[in-house]
Amino acid sequence: MAGGTVLVTGATGFIGSHVLRALPSGSEAVGLASSVYPSSRDAVRLVRMTLPHPDLDELIARLRPAVVVHCAGVASVGLSMTSPGVDFQSGPPVVFQLYDAIRKAGTDTRVVQLSSAAVYGNPGVLPVAEHAPLGPISPYGWHKRMCEDIAHEFCGLYGISSAVLRVFSCYGAGLRKQLLWDVGHKLRAGDAVFSGTGEETRDYVHVRDLARFIAHLVEAWPGPGVHVCNVGSGQETSVRAMVEHMAAGCGLGHVTPEFSGAARKGDPQNWRADIGRARQLGLELTVPLEDGVHEYARWFLEQVKGTARQ
């Protein structure tokens, strides 16, 4: 694809902002976001809109985007456990409205839809492949599964093609939540006690690698249909190892973390992705994990510079 409009929802968010920077130069990028910050001006144009929104139909009909990259939504397993309604409203209703707006506009728009490894729950076999049974264990996972069903619905009935990316644990500078952000604050406060056992594992992918993969799909679409693929590194890393990497990156040397043994509801035990399909579609991994965590640690220290220690 060259010269077409690419609409990125959640454009000022963690993943969406990286996607805007990674898009091919031949495309016209338009960002859609609920809040527009002065420092977030990577798109040719930024449109302020909180989804779902009654003006989305008109926007899609006017822009006639070649591709929509849907990054908007709440990405918090913990919040979904305590406020499942909030998580639901940011998921399936928004995805349905987006696909329905494309249907009404009659455009040949393709959709890159961010799903999650949470649709697998606790997989019985690792690495987990796309054909593995789905068994969400959190509202977040269930709602992502519903969003995937909507993609299949609109492809089967209306011919709208999608790339559904089951993203594993995405990290990188700019992420102000989840494990590394929490670890940084705890280490800074002199607290080395964390939840779980420390032996839980995740499959981490750097946000730049994810964004470059999305940009590649925008430029080299794999064809009609719904293309479901895992996006990860194909490697398991324990929570304990991530804490140690973060401590080293913060200049704390060797830290021996302690773990409470109490697991959080909705969190899986072990994840490792089979990324064979994503590699076939053009995924390239360029950021080694330790380098990426140390880069995150440097960014984190810049963010908290000058603030009082807790």
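Residues numbered from 1 in each chain as written. Predicted model: local features only at pLDDT ≥ 70, side-chain atom pairs only at ≥ 80, totals over all residues. Heavy atoms only, no water.

Undergrad: Summarise the sheet that holds strand 6 (residues 162–167); cite the residues concerned and give the values.
TA: The seven strands are arranged 3-2-1-4-5-6-11 in an open sheet whose pairing can be described as parallel. One side of each edge strand has no neighbouring strand; the edge strands of this open sheet are strand 3 (45–48) and strand 11 (226–231). Across the sheet, the axes of successive neighbouring strands diverge by a mean angle of 20°, strand direction being ignored. Examined bridge by bridge, strand 1 (residues 5–9) and strand 2 (residues 28–33) share five bridges and lie parallel to one another. Residue pairing for strand 2: V8 is matched across the bridge by G31. The sheet contacts of helix 1 (residues 14–22) involve strand 1, strand 2, strand 4 (67–70) and strand 5 (110–116), and relative to strand 1 the element is tilted by about 160°. (Pairing = 2+ DSSP bridges. Helix = DSSP H or I, 4+ residues; strand = E, 2+ residues; numbered from the N terminus. Axes fitted to C-alpha atoms, helices over the stretch in contact; angles between N-to-C directions. Contact = heavy atoms within 4.5 Å.)

Undergrad: Report on the pattern of salt bridges, specifying residues and quantitative values.
TA: Two side chains carrying opposite charge are able to pair once their charged atoms lie near each other. Throughout the structure, instances matching the rule amount to 12 salt bridges. Among the ionic pairs, K104 bridges to D57, the shortest N-O distance being 2.9 Å. One end of the pair, K104, is in helix 5 (residues 92–105); the other, D57, is in helix 2 (residues 56–63), and 47 residues separate them in sequence. Among the salt bridges present, the one from D100 reaches K104, with a minimum N-O distance of 3.6 Å. With a gap of four residues between them, D100 and K104 both fall in helix 5, about one helical turn apart. (Salt bridge = Lys/Arg side-chain N within 4 Å of Asp/Glu carboxyl O.)

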